[in-house]
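Take a look at the letters that make up each chain.
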Amino acid sequence: MSDVLVRELPCPGVLVTAGWSWDADTAVSELYAAHWRSLVRLAVLLVRDQGTAEEVVQDAFVAMHGRWSRLREPDKALAYLRQSVVNRSRSVLRHRKVVDRHLLREAQAGERVAPGADQAALDDERRSLVLAALAELPQRQREVLVLRYYLDLSEAQIADTLGVSRGAVKSHASRGSAALRGRLGGLWKEQS
Amino acid sequence: MNHDEDWLRRLLDDTTAGIEPSDRLGAIRQRTAAPARRRQAWLAPVVGVAAASAAILGSVALLEGGNDDEPNPVASEPATARSGDPSGWGQVPPAAPGTRAVPAYYLGEGPSEPVLYREFRRSEEPLAGLDQSISALMEEPADPDYRTVWSRGDLISADYDGEEITVAVSAGVAGARPAGLSAREAELAVQQVVYTLQANVGGRAPVAFYVDEGENKSRLAAQVLGVRADEPVRNAPVLKTLAHVSVTTPETGQVVDARLPANGVANSFEATVPWQILDADGAVVLSGFSTAEGWTSNMLYPWASEIDVADLEPGGYTFVASTDDPSGGAEGDGPFQDTKEFVVE
């Protein structure tokens with residue numbers, strides 16, 4: 001867990017020692033301050049849309065508050081939040097997959113044919129290409145990739161978060177990164 | 001760190017770098033300030049979305065509606081099992097070609113008293129009518145934790161005219177409550193019939209119980225197993241009658257290899273449906289939780305997970321889904337649970 005705390009928290013030691021005496025409200029405040037942004041970003045990578053991502057993470061915080069009496073420790077609460085965000089994102093996507101897969105494809109096509117000219121527009125276009133490519137990956141591959149390479153979780157932590165074996169994490173990671181590089185090969189060369 | 005991994009890190013960091021979420025701490029505070037199980041207006045649209053999606057996915061949403069005097073909205077019960085559901089998330093287990101899955105309700109134990117659980121029964125007859133459903137109620141359920149109150153011969157036939165369901169029962173059950181049957185069990189026995197037939201017709205039609213007197217004569221039963229039936233019986237409130245978590249898949253005895261599809265319906269705190277897989281000795285070998293599509297109204301919502309079981313040794317296991325109990329047992333009677341035995345090859 002330490003690698004996560006180091007990456008996500010400005011002062012990890014304070015949080016870990018202070019957390020033992022928190023009540024549920026304090027836990028929400030502290031974890032919100034430390035992780036709201038990174039969890040929303042995580043959710044954006046999973047569901048693409050920032051508004052939906054914020055709702056997913058907001059729901060996860062409310063659920064964590066209700067469960068605090070059993071979590072009690074900041075690192076357990078953070079693990080719960082991550083797992084909740086992944087599950088809730090998956091739930092959102094299940095709805096969406098049926099309803100507007102078609103719309104999504106049209107939107108992607110639109111984005112590709114109408115790039116802006118300035119650097120900001122090019123950045124935006126690149127980001128939406130990456131999000132679109134992630135959205136096209138099988139669910140497990142997408143989840144493993146963002147937990148591994150965005151949150152920097154270990155294979156064991158990803159296995160716990162997703163309820164899968166470490167072997168499965170390895171294989172999803174390798175297939176997912178190959179697929180992503182296949183879809184974004186142009187960007188890969190550009191940045192290398 | 002190899003070049004490929006480094007590239008992925010930079011790619012995802014770059015993609016999210018510009019995202020500055022709006023501040024929602026106030027909204028979170030507002031939701032966590034009140035007691036946990038309140039119903040608030042801000043949740044209403046979520047319920048609508050969940051219900052609509054349930055219908056789209058062909059899954060079974062059990063809606064109670066706010067008022068028993070009004071017709072209850074019911075998501076469509078699929079007429080046939082969606083064995084070809086490409087998403088793999090359908091709530092109805094796949095059936096072999098030419099067969100269908102018939103939902104039937106059986107008694108099982110809840111935290112404090114018996115409740116009804118749903119099980120999908122295989123039917124060889126592609127166009128099974130209501131008789132198929134009452135026949136299922138007089139058979140032993142596949143799940144050994146469930147039981148039925150009805151014996152062969154108790155329920156004779158059933159019919160539906162588009163507004164009301166009629167059931168003919170034998171004279172033996174049209175009377176006082178038999179010794180050895182608790183009032184709760186008798187109530188649930190009647191609701192077994194109501195819920196099962198309503199699921200079959202896909203609507204909350206009231207159920208009229210008739211006593212079969214032979215020679216094509218029948219009369220409305222005053223009581224069935226001691227439960228008043230002098231007018232058509234409506235479904236009792238969902239959350240007071242049904243288990244708050246129910247597992248559709250895996251089915252009892254299902255054989256899987258690398259992955260276990262798990263789904264069902266639940267109404268659980270904050271939509272959280274914790275699950276565990278136990279080995280033959282009862283030790284927990286995998287655990288996690290699924291998230292249902294809602295939790296805030298008086299209905300059950302679909303949940304689904306896909307669990308990687310590739311690392312489990314071949315053998316018999318038990319899948320346990322439960323409702324979430326944020327108090328850890330300190331309040332109330334504890335969580336609902338539904339278990340299914342399955343086999344890893």
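Basis of the calculations
Residues numbered from 1 in each chain as written. Chains lettered and ligands numbered in written order. Predicted model: local features only at pLDDT ≥ 70, side-chain atom pairs only at ≥ 80, totals over all residues. Helix = DSSP H or I, 4+ residues; strand = E, 2+ residues; numbered from the N terminus. Buried ≥ 20, exposed ≤ 12 C-beta atoms within 10 Å, placed from the backbone. Pairing = 2+ DSSP bridges. Axes fitted to C-alpha atoms, helices over the stretch in contact; angles between N-to-C directions. Expected span 1.5 Å × (residues − 1). Arc of directions from axis to C-beta. Contact = placed C-beta atoms within 7 Å. Nonpolar A, V, L, I, M, F, W, Y, C, P; charged D, E, K, R; others polar.

S.K.: Is there a simple way to think about the overall build of chain B in this case?
M.R.: Looking only at helices and strands, chain B features 6 helices and 16 strands. Here chain B, with 345 residues, has 42% of them falling under the buried criterion.

S.K.: Honestly, the sheet that holds strand β13 (residues 284-291) of chain B in this entry has me stumped. Any pointers?
M.R.: Strand pairing in a sheet takes place through backbone hydrogen bonds and is either antiparallel or parallel in direction. Residue and element names in this part refer to chain B. Overall, mixed pairing links the 5 strands, which are arranged β10-β16-β15-β12-β13 in an open sheet. Each of the sheet's edge strands pairs with one partner strand only, and the pair in question is β10 (254-256) and β13. Strand-to-strand twist in this sheet, taken as the mean axis angle between neighbours without regard to direction, amounts to 30°. Strand direction decides the pairing type here: strand β15 (residues 315-322) and strand β16 (residues 337-344), joined by 8 bridges, are antiparallel. When the sheet's bridge partners are listed, Gly 316 is paired in β16 with Val 343.

S.K.: Even after reading the chapter, I still don't get the sheet that holds strand β11 (residues 259-266) of chain B, so can you show me in this structure?
M.R.: All names here are of chain B. Ordered in space as β9-β11-β14, the 3 strands form an open sheet in which the pairing is antiparallel. Each edge of the open sheet is held by one strand with a lone partner, namely β9 (245-249) and β14 (301-308). Adjacent strand axes in the sheet meet at a mean angle of 25° when their direction is disregarded. Across 4 bridges, β9 lies against β11 in antiparallel orientation. Looking across to β11, one finds that Val 247 is bridged to Gly 264.

S.K.: Honestly, helix α9 (residues 166-183) of chain A in this entry has me stumped. Any pointers?
M.R.: At 3.6 residues per turn, the α-helix brings residues three or four places apart onto the same side. All names here are of chain A. Given a rise of 1.5 Å per residue, 18 residues ought to cover 26 Å, and the 26 Å separating the end C-alpha atoms of α9 matches this to within 8%. Along α9, the residues classified as buried are Ala 168, Val 169, His 172, Ala 173, Gly 176, Ser 177 and Leu 180. Axial view of α9: buried residues confined to an arc of 150°, hence all on one face. Residues of α9 that are exposed and point more than 90 degrees away from the buried face comprise Ala 178 and Gly 182.

S.K.: Looking at this structure, I do not really get the interface of chain A and chain B. What am I missing?
M.R.: By a widespread convention, an interface's size corresponds to the accessible area lost as its parts come together. In this complex, chain A contributes 43 residues to the contact, which on the side of chain B involves 43 residues. Take the side of chain A that touches chain B: its biggest share by element is 11 residues, from helix α4 (residues 50-71) of chain A. Split by residue class, the side of chain A that touches chain B holds 20 nonpolar, 14 polar and 9 charged.

S.K.: I keep staring at the pairing of β16(B) and nothing clicks. Help me out?
M.R.: Two faces, one strand: in a regular strand the side chains alternate between the faces of the sheet. Sheet topology note: the β10(B)/β16(B) ladder contains 3 bridges and is parallel. Note that in β16(B) the partner of Gln254(B) across the bridge is Phe342(B).

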